[in-house]
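The lines below spell out each chain.
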Amino acid sequence: MLEAHVIKARRRFTVDVTVRIPSGESCGLFGASGAGKSTILACIAGAEDPDGGRVALDRLTLHPPPLPLYRRPIGYLTQDANLFPHLSVAENVRFGLTKGAHDGHGVWIERLRERLQLEAIWNERSDAISGGQAQRVAFARMLARKPRLVLLDEPFAGLDRHLVRELLAAIGLWRKEFGFTMLVVDHEADILERLCPRAIVIEEGRAVADATWGELRAKPATALLAELLAPL
Amino acid sequence: MLVKRTAAAVFAVALLYPLAGLFVPVGPWRWGDGATIADAIRVSLVLTAIAMVVVVATGTPMALYIARAATRERLWWQAVLLISVLLPPLALGILLSLAFGPHALGAFLERFGLKMTNTPLAFVVTQVYVSIGYYTLGAVAALDGVPRALEIQAGLLGHDRWSVFGRVTFPMARLGFAVALSLAWVRALTEFGAVVITAYYPAGIPVAMWTSLENFGLPAVMPLLVVFLVTALPLPWLAHILAQRRLRRA
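Residues numbered from 1 in each chain as written. Chains lettered and ligands numbered in written order. Predicted model: local features only at pLDDT ≥ 70, side-chain atom pairs only at ≥ 80, totals over all residues. Heavy atoms only, no water.

Caption draft 1: Geometry of the overall build of chain A. When helices and strands are tallied, chain A shows nine helices and 10 strands. Considering only intrachain contacts with a sequence separation of at least 6, the fraction spanning at least 24 residues in chain A is 68%. Accessible surface for chain A amounts to roughly 10500 Å². Of this, 49% is attributable to carbon and sulfur atoms. Charged side chains in chain A number 30 positive and 29 negative. The centres of these two groups are separated by 4 Å. (Helix = DSSP H or I, 4+ residues; strand = E, 2+ residues; numbered from the N terminus. Contact = heavy atoms within 4.5 Å. Areas by Shrake-Rupley, 256 points an atom, 1.4 Å probe, with all protein chains shown as cover. Lys, Arg positive; Asp, Glu negative; His and termini not counted. Charge placed at Lys NZ, Arg CZ, Asp CG, Glu CD.)

Caption draft 2: Geometry of the sheet that holds strand β4 (residues 52-57) of chain A. All names here are of chain A. Spatial ordering of the open sheet is given by β2-β1-β4-β5, a layout of four strands whose pairing is antiparallel. Only two strands of the sheet have a single partner each, and these edge strands are β2 (14-21) and β5 (60-63). Averaged over all pairs of adjacent strands, the angle between strand axes in this sheet comes to 20°, irrespective of strand direction. Two strands pair when backbone bridges link them, and strand β1 (residues 2-9) and β2 are joined in this way by eight bridges, in the antiparallel orientation. Its bridge partner lying in β2, H5 is registered against T18. In this fold helix α1 (residues 37-45) packs onto β1, β2, β4 and β5, with an angle of close to 115° to the strand it touches most, β1. (Pairing = 2+ DSSP bridges. Axes fitted to C-alpha atoms, helices over the stretch in contact; angles between N-to-C directions.)

Caption draft 3: Here's a closer look at the packing of aromatic side chains. Taken as a whole and assessed by the stated rule, the structure comprises 14 aromatic pairs over all chains. Relative to W77 of chain B, the ring of Y65 of chain B has its centre 6.2 Å away and its plane inclined at 75°; by these criteria the two rings are edge-to-face. Of this pair, Y65 of chain B sits in helix α2 (residues 34-67) while W77 of chain B sits in helix α3 (residues 71-86), and the two are 12 residues apart along the sequence. Here the aromatic rings of Y200 of chain B and Y201 of chain B are separated by 5.2 Å at their centres, their planes lie at 85°, and the arrangement is edge-to-face. When its relative accessible area of 53% is taken as the criterion, Y201 of chain B is described as exposed. Among the aromatic residues, ring-to-ring pairing joins Y135, F165, F170 and F177 of chain B into one connected group. Its end group placed over the ring of W122 of chain A, R113 of chain A keeps NZ or CZ at 5.0 Å from the ring centre. A cation sits over an aromatic face here: R141 of chain A above F84 of chain A, 4.7 Å from the ring centre. (Phe/Tyr/Trp six-rings, centres within 6.5 Å; stacked < 30°, edge-to-face > 60°. Buried < 20%, exposed > 50% of the residue type's maximum accessible area, 1.4 Å probe, protein only. Lys NZ or Arg CZ within 6 Å of the ring centre and 35° of its normal.)

Caption draft 4: Looking closely at the pairing of β4 of chain A. Residue and element names in this part refer to chain A. In this sheet, β4 lies alongside β1 in antiparallel orientation, the contact comprising six bridges. Bridging from a neighbouring strand, V6 pairs with G53 of β4. Where β4 lies against β5, three bridges are found, and the strand directions are antiparallel. The partner of A56 across the bridge, within β5, is T61. Joining the antiparallel neighbours β4 and β5 is a turn of two residues, in which D58 adopts a positive phi near 55°.

Caption draft 5: Region of interest: the pattern of salt bridges. Residues and elements named next belong to chain A. Summed over all chains, the structure comprises 18 salt bridges over all chains. The residue R12 makes a salt bridge to E204 at a minimum N-O spacing of 3.2 Å. With R12 in the loop between β1 and β2 and E204 in the loop between β9 (198-203) and β10 (206-212), the pair connects residues that are 192 residues apart, well separated along the chain. A residue is classified by how much of its surface remains accessible, and E204, at 49% relative accessible area, is partly exposed. A salt bridge links R125 to D127; its shortest N-O distance comes to 3.2 Å. Of the residues examined, R125 reaches a relative accessible area of 29% and is grouped as partly exposed. Using a relative accessible area of 47% as the deciding quantity, one classes D127 as partly exposed. In the salt-bridge network here, residues are joined through shared partners; they are K8, R10, E48 and D51. (Salt bridge = Lys/Arg side-chain N within 4 Å of Asp/Glu carboxyl O.)

Caption draft 6: Representation of the interface of chain B and chain A. Listed by partner, the interface residues are 19 residues for chain B and 20 residues for chain A. Overall, the association of chain B and chain A removes approximately 1900 Å² of surface from exposure, summing both partners, and the carbon and sulfur fraction of that is 64%. Joining chain B to chain A, the criterion identifies zero salt bridges. Those elements that provide at least two residues to the side of chain B that touches chain A are α7 (148-156) and α8 (161-189) of chain B. (Buried area = accessible area lost by both parts, 1.4 Å probe.)

Caption draft 7: A look at a nonpolar patch on the surface. Residues and elements named next belong to chain B. Residues F11, L15, L16, L19 and L229 make up a contiguous nonpolar surface patch of roughly 520 Å² in combined accessible area. Of all the elements, helix α1 (residues 2-16) adds the most residues to the nonpolar patch, at three residues. Here F11 shows up in helix α1. (Patch = residues over 30% accessible without salt bridge, like charges linked within 9 Å, V, L, I, M, F, W, Y side chains within 5 Å.)

Written as structure tokens, this is what we have:
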């Protein structure tokens, strides 16, 4: 179970949101750009320190006090692939595996490589591949460690629809297989809906709704939400 | 391309023009005191190397701290470093000899047998003071080039802070570190103004040049200049060569 109460001051408002996700389930954070969704994810990941609140994953307290990043069983992916440019694609994917774990993960790494179509670029330098390829490598690197909690912060932005569809299918498959808990941020409802049966709607740092997509569409909590869910 | 390369060549020629002085007739070159010169080279290389160990060991963690500090705090630390860089060498030498002299910290240190004037220790301490600001400022600039997001990602991939530094931060900043170390090395090795006050003995190459000039005139200084270039250049150049090679295993 992920239990996060995040309080973090931003320039225009203070983010104050509680997120609860039972183990193995997924939840979306939906809202307009600048609503505070990424801040919540960054605070849960440990990329930013919350000003208050509490974050725990099962019996592991992530904050407070802030647990060192390397002890957090978290996979965190953002719009930027953040690959290590001095390493090859293969070295990036294996980066999170401890020495002893390399052999044990061999089959799993091979599956990731095939499913994410990384064979052709496996030995390339990671600063010499395209943006779409980089994002696939980042997915593989994150999943290589089989994290208990996966945090996705609009990792599909800028990717073509075909690739997004592929990634969504792969994530769904692996989540079923490994049962990781997942929290996803996106401002595109159709993407979130594919990954998460329910969503928390954020407006100016506050949760204004927490429901399934059917419920959100049937009875939007705010005018802005109605607008965000309306077809173009 | 040709125009740019020509412009770069003109720049390089202008930069190296002072070396034309080596070809100005000053009379037949001669060695002053051979043993003294050999000693000066040994003193300069060994003690500067020791100083660089201290500079890197203390300057690197400081640079890491400054590079990741909030902007306002970081400006204060940088001001402190700039003070050490901006002090004229002679003034720094005088201040060091007073601050470590018998009326200050020197009396305390002498109780432990640590003499802070005209000793190898005084030489190394002076070199550390004249060069550490250059190294640390350069290292901060190098670390600024490493996105914090990559370090966070490396941490979340299970690496503790030392491992993150060794596998991500340093490999990505290595060229900047090499430049910083080169500057510090050259600054320390060539130091005269401060060292001549705090550690006239044991004489390093700059002091040996000065005494050769005083005792034997320009003909005795010229070979020393060549020796100085030959001994000072390889280490920083090697650092640049190593830094520019791609690290196969980070």
